[in-house]
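# Notes for the structure review
Take a look at the letters that make up each chain.
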Amino acid sequence: MTIVTIPAGQTLTVTADVFSSGRVYRVVQPDGATVNKFVAVAAGTNVDLGPFAVERSYDVVSKSGSLSYAVSVKERVLLPSAVRGNRLVALGESLIEHNHTANSLFKLSSWSRGFINWAQVLNPGLFTFDVWYDATVRQGWEPTGPGSTVSFRGANAGVGGQTSAQILDRHRYLLDSVDCEVVVISAGTNDMASVPAETIARNRQMLADAFIAAGKLVILLPVQMRSDVTWPAVSGYRKKCHYVNQKARELVDSRQNCFLFDWNEYWVDFNSANGNPKAGYSPDGIHHNTLSAYTIGKKFGEFLARILPPGGRRVVAPDDLYDAALNPLGNKAANPMLSGTAGTVSAPVTGSCADGYRILRNTAIGCACAASKEARADGRGNYQVLTFTPNQAAGSELFYFQTSTTDIAHGLPVGTWVRASMEVDVSAWAGWQGITMHLRDNATGGILAYGMEDYSADPWPAEAWSGVIFSPPFRITDAASTLRFQPRIKVDNSKAGAGVLKIGAPEIRPCADPRGLVNYRE
């Protein structure tokens, strides 16, 4: 087998002299297999194959004598420029899938262990990464075997456990069905035990080239290192991983509209002889927890901010409120600027609360909470300030910041898509365990949507940060039903000191049908 690879934009010329003849077969399978179709090369002739917009490989087979061949630039193929826009999709395995979680009980969450989620929270409006609830079983998308489903669809095209070949098999979904501008690719982590390194690198290259040829901006992620418990130092897995990642660097250096974001830079402990993940960064030496997702997501957001134009704020005026006739996309949350102090604080919470809202403690471990109001320095209304002071007894304490009436009649037409959000400013403190948006449709079969649902009892970042937390969108199924807007704050009551959370600009807003991402039309 004589495999010849033709780079994008170049031509393979196969020549047979008067004593030779042969065939040229297209190589299309990830394992290097050829298809039983060929181009014949007769004696005394030559055949040109190409140029193509993406790299291709061919098997040159002599039938008599010997064939000569050369790869050259005979005609330049102009690749389409990447379209500028902010719709991001991600294709990969569990490291991508874990940005969201859902179940058969109509719950859908963006997850605090998702690095893309953190990039979005910390950089409001920079890019979109929407999913919606969909429990359909799709062949090739079953994370735990035939008949299983991730229970969501949209910009997150991650399926746990898949190899680079399986991900390559699914890439047509994005090419054919998804309307986006930016594609993030993660592939290869599940290949190391049985797939040759060259094949892994080739599969990743084929993925990148397919999206580049379609005019997408491609962000290629290297294979993320694992702990030496999963990939023992003597196994060769780690050496294969390093080889594949060096090939990724070569790839992006030779392509337009293709970038490498090296998450290993923020994941690996460089003092570890075997390149293990940093301490406290993973539950199993493979996957992210909240702290590693935050650290990687923060850097990923900074990376994207150098490529994409900045986003704008959503809540900009106190009178941008819902009106069925005149402003059907207005805010359904009353008092978005958090004016006044006529809200309710339920003991043992103390202090003052903005009009139309209520603050309460849901558990009884012993953490104190003092509520206060603060005029925002940017002039955009007020913050509801919550100061948490644990008594250092063991356990997690849960608090709610919700509307005065727990469930509110929404009056939105059936079929309206809606999501909730809030701006947050979080102090440096080691006691944070979760700051989560919670929006529930109380109708039968209604969706329970969490924005940045906390993962296990993971500690959250101990450094100060700010951003916007929002729920995944869902569709109203009953105009006469109610919504529950109930952001939740979880703290580690065993920690010393105090944490300060500032909440601003709450909203419950109708939004565009996210299924437009896959060109869905009703």
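Quick summary incoming for the structure in this document. Since the structure is predicted, the reported quantities are computational estimates derived from the model, not experimental observations.

This brings us to the packing of aromatic side chains. A complete count under the given rule lists 17 aromatic pairs for this structure. Between phenylalanine 106 and tyrosine 133 the ring centres are 5.7 Å apart and the planes differ by 45 degrees, which places this aromatic pair in the tilted class. Note that phenylalanine 106 is positioned in the loop between β9 (100–103) and β10 (107–111) and tyrosine 133 in strand β11 (residues 131–133), a separation of 27 residues in sequence. For tyrosine 133, a relative accessible area of 18% translates into the label buried. Centre to centre, the rings of tryptophan 118 and tryptophan 465 are 5.1 Å apart; their planes meet at 85 degrees, and the pair counts as edge-to-face. Pair noted here: tryptophan 118 is in helix α2 (residues 115–122) and tryptophan 465 is in strand β27 (residues 465–470), with a separation of 347 residues, a long-range link. When its relative accessible area of 0% is taken as the criterion, tryptophan 118 is described as buried. Taken together, the ring pairs in this structure connect Phe115, Phe261, Trp263, Tyr266, Phe300 and Phe303 into an aromatic cluster. The ring of tryptophan 111 has arginine 113 sitting right over it, with the charged end atom 5.0 Å from the ring centre.

As a further point, take unusual backbone geometry. The linkage connecting alanine 347 with the following residue, proline 348, adopts the cis geometry, with an omega of 15 degrees. In this fold, proline 348 is placed in the loop between β17 (342–345) and β18 (350–351). Even without being a glycine, leucine 338 presents a positive backbone phi close to 55 degrees. Take leucine 338: it is sitting in the loop between α7 (290–305) and β17. What makes leucine 338 buried here is its relative accessible area of 0%. Non-glycine residue alanine 505 carries a positive phi angle of around 50 degrees. Mapped onto the secondary structure, alanine 505 falls in strand β31 (residues 499–511). Classification of alanine 505 by relative accessible area gives buried; the value is 5%.

With that settled, the discussion passes to the pairing of strand β21 (residues 382–389). Among the 8 residues in β21, 6 count as buried, and that is most of the element. Looking at chain direction, strand β20 (residues 368–375) and β21 are connected through 8 bridges and run antiparallel. Within β21, the position partnered with glutamate 374 by the bridge is tyrosine 383. Looking at chain direction, β21 and β31 are connected through 5 bridges and run antiparallel. Bridge pairing links leucine 386 to leucine 501 in β31.

This part takes up α2. With respect to burial, α2 is a largely interior element, 8 of its 8 residues being buried. Looking only at α2, the buried set comprises Phe115, Ile116, Asn117, Trp118, Ala119, Gln120, Val121 and Leu122.

Axis angle and axis distance: for two packed helices, these are the angle between their axes and the distance between the axes, and together they describe the pair. Between helix α3 (residues 164–177) and helix α4 (residues 197–213), the shortest axis-to-axis distance is 10 Å and the interhelical angle comes to 5 degrees. By the angle between their axes, α3 is roughly parallel relative to α4. Along its contact with α3, which presents Ser164, Ala165, Ile167, Leu168, His171, Leu174 and Leu175, the element α4 presents Ile200, Asn203, Met206, Leu207, Ala210 and Phe211. Of the residues that constitute the contact of α3 with α4, the class distribution is 10 nonpolar, 3 polar and no charged.

This part takes up the environment of proline 487. With respect to the helices and strands, proline 487 occurs in the loop between β29 (482–485) and β30 (488–492). Exposure remark for proline 487: the relative accessible area of 0% places this residue in the buried category. Counting along the chain gives 40 residues from proline 487 to isoleucine 447, while the straight-line C-alpha distance between them is 16 Å.

Attention shifts here to the state of the cysteines. All told, the structure shown has 0 disulfides when counted by the stated rule. For the unlinked cysteine cysteine 241, the closest cysteine sulfur is that of cysteine 258, found at 17 Å. Not part of a disulfide, cysteine 353 finds its nearest cysteine sulfur in cysteine 369, a span of 9.9 Å.

Hydrogen bonds between backbone atoms are what pair the strands of a sheet, whose relative direction is either parallel or antiparallel. Across the sheet, which stays open at both edges, the 5 strands sit in the order β13-β8-β14-β15-β16 with parallel pairing between neighbours. Whereas interior strands pair on both sides, the edge strands pair on one side only; in this sheet they are β13 (156–158) and β16 (258–260). Averaged over neighbouring strand pairs, the angle between their axes works out to 20 degrees when direction is ignored. Judged from the 4 bridges that link them, strand β14 (residues 182–185) and strand β15 (residues 217–220) form a sheet pairing that is parallel. Across the sheet, the residue bridging to isoleucine 185 is leucine 220, located in β15.

So, how was this worked out
Residues numbered from 1 in each chain as written. Predicted model: local features only at pLDDT ≥ 70, side-chain atom pairs only at ≥ 80, totals over all residues. Heavy atoms only, no water. Phe/Tyr/Trp six-rings, centres within 6.5 Å; stacked < 30°, edge-to-face > 60°. Helix = DSSP H or I, 4+ residues; strand = E, 2+ residues; numbered from the N terminus. Buried < 20%, exposed > 50% of the residue type's maximum accessible area, 1.4 Å probe, protein only. Lys NZ or Arg CZ within 6 Å of the ring centre and 35° of its normal. Pairing = 2+ DSSP bridges. Axes fitted to C-alpha atoms, helices over the stretch in contact; angles between N-to-C directions. Parallel < 35°, antiparallel > 145°, perpendicular 65-115°, else oblique. Contact = heavy atoms within 4.5 Å. Nonpolar A, V, L, I, M, F, W, Y, C, P; charged D, E, K, R; others polar. Disulfide = S-S within 2.5 Å.

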